[in-house]
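# Understanding the architecture of this molecule
The chain contents come next:
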Amino acid sequence: AQKVTQTQTSISVVEKTTVTMDCVYETRDSSYFLFWYKQTASGEIVFLIRQDSYKKENATVGHYSLNFQKPKSSIGLIITATQIEDSAVYFCAMREEGTGGYKVVFGSGTRLLVSP
Amino acid sequence: EAAVTQSPRNKVAVTGGKVTLSCNQTNNHNNMYWYRQDTGHGLRLIHYSYGAGSTEKGDIPDGYKASRPSQENFSLILELATPSQTSVYFCASGGGGWEQYFGPGTRLTVL
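Position labels on residues start from 1 in each chain and follow its written sequence. Each chain is given a letter, starting from A, and each ligand a number, starting from 1, according to the order in which they appear as written. At least 70 in pLDDT is required for a residue's local features to be given in this predicted model, at least 80 for side-chain atom pairs to be given and counted, and no such filter applies to totals for whole chains, interfaces and linings, which use all residues. Only hydrogens and water are set aside; all other atoms, that is, all heavy atoms of the structure, feed into the side-chain values.

A word on the layout of surface pockets. Think of a 1 Å grid over the protein atoms and nothing else: a 1.4 Å probe that fits but is trapped marks a cavity, an open set flanked by protein within 12 Å on at least five of seven lines marks a pocket, and residues with an atom within 4 Å of a point count as lining. Grid points are joined across faces, edges and corners, and a volume is the space filled by probe spheres set on the points. In this structure, the largest pocket occupies an estimated 740 Å³ of space. Along the wall of the largest pocket there are 30 residues; nearest its centre are Gln39, Val89 and Arg111 of chain A together with Gln37 and Thr39 of chain B. Among the secondary structure elements, those contributing two or more residues to the lining of the largest pocket are β10 (88-98) and β12 (110-115) of chain A together with β4 (31-38), β9 (87-94) and β11 (106-110) of chain B. It is β12 of chain A that contributes the most residues to the lining of the largest pocket, 4 residues altogether. In the scheme used here, Gly and all other residues not listed as nonpolar or charged are polar, with Ala, Val, Leu, Ile, Met, Phe, Trp, Tyr, Cys and Pro taken as nonpolar and Asp, Glu, Lys and Arg as charged. Looking at the lining of the largest pocket residue by residue, the classes come out as 9 nonpolar, 17 polar and 4 charged. Here the second largest pocket defines a volume of roughly 250 Å³. Looking at the second largest pocket, it is lined by 16 residues, and the ones nearest its centre are Val105 and Phe106 of chain A together with His41, Leu43 and Arg44 of chain B. Elements that contribute at least two residues to the lining of the second largest pocket include exactly β1 (3-5) and β11 (101-106) of chain A together with β5 (42-49) of chain B. In terms of residue class, the lining of the second largest pocket is built from 8 nonpolar, 5 polar and 3 charged. By definition, any uninterrupted DSSP run of H or I lasting at least four residues is a helix, any uninterrupted run of E lasting at least two residues is a strand, and each is numbered from the N terminus.

Right under this line is the structure:
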């Protein structure tokens, strides 16, 4: 089975700085998909960004970007110019093929605190 | 307008009682999922479905059943609730193999 590991339980930064959250994964698939999700203080979980393993370019959406290092099975999330509202828990996830379709495996999450 | 809704949002149940958590999605997605979230464990998959009438076991299915009577609805059933099932439960829908859309969550307390 596939596995997603986030070793950073929490990170604190000052607003307007850049932060990187780490994620490593295990898979036997030659083609796979990686995701980052954000869970706000209210509990809402939203999709942020996706990386397809066959793409060499790192995905970027707004002030979120990915650092995809395939040989290291690593997919880091980079948030530039952090804002107070970026304070949340961030989950790394990987798509896994299941019976008749797919499912998603999540890491344990990294809590980000952005302070003034 | 919210595309994935869950009911109830909060539930207190007694040990040994039956609990049904409901999820409705208007995304017209084939895939639906039930997760539980506990501190330190992230989101763990309980059951999922690829379409009406289908259910599949996830990573932690013991003590749970699921039902997918239609494209829009997916229920999670605890036939005999136990205190260890106290958690926050999230439903999600997904289509095309890409990102998932989550409901607001249901906080379940089993006394």
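Now, onward.
What follows concerns the sheet that holds strand β3 (residues 19-25) of chain B. Residue and element names in this part refer to chain B. Spatial ordering of the open sheet is given by β1-β3-β8-β7, a layout of 4 strands whose pairing is antiparallel. Two strands in the sheet have a free side with no partner beyond their single neighbour: β1 (4-7) and β7 (65-67). Averaged over all adjacent pairs, the angle separating strand axes in this sheet is 20°, with direction ignored. In this scheme, strands are said to pair when DSSP sees at least two bridges between them. Pairing between β1 and β3: 4 bridges, direction antiparallel. Whenever a helix is involved, its axis is fitted only over the stretch in contact; in every case the axis is a line through C-alpha atoms, and angles between N-to-C directions fall within 0 to 180 degrees.

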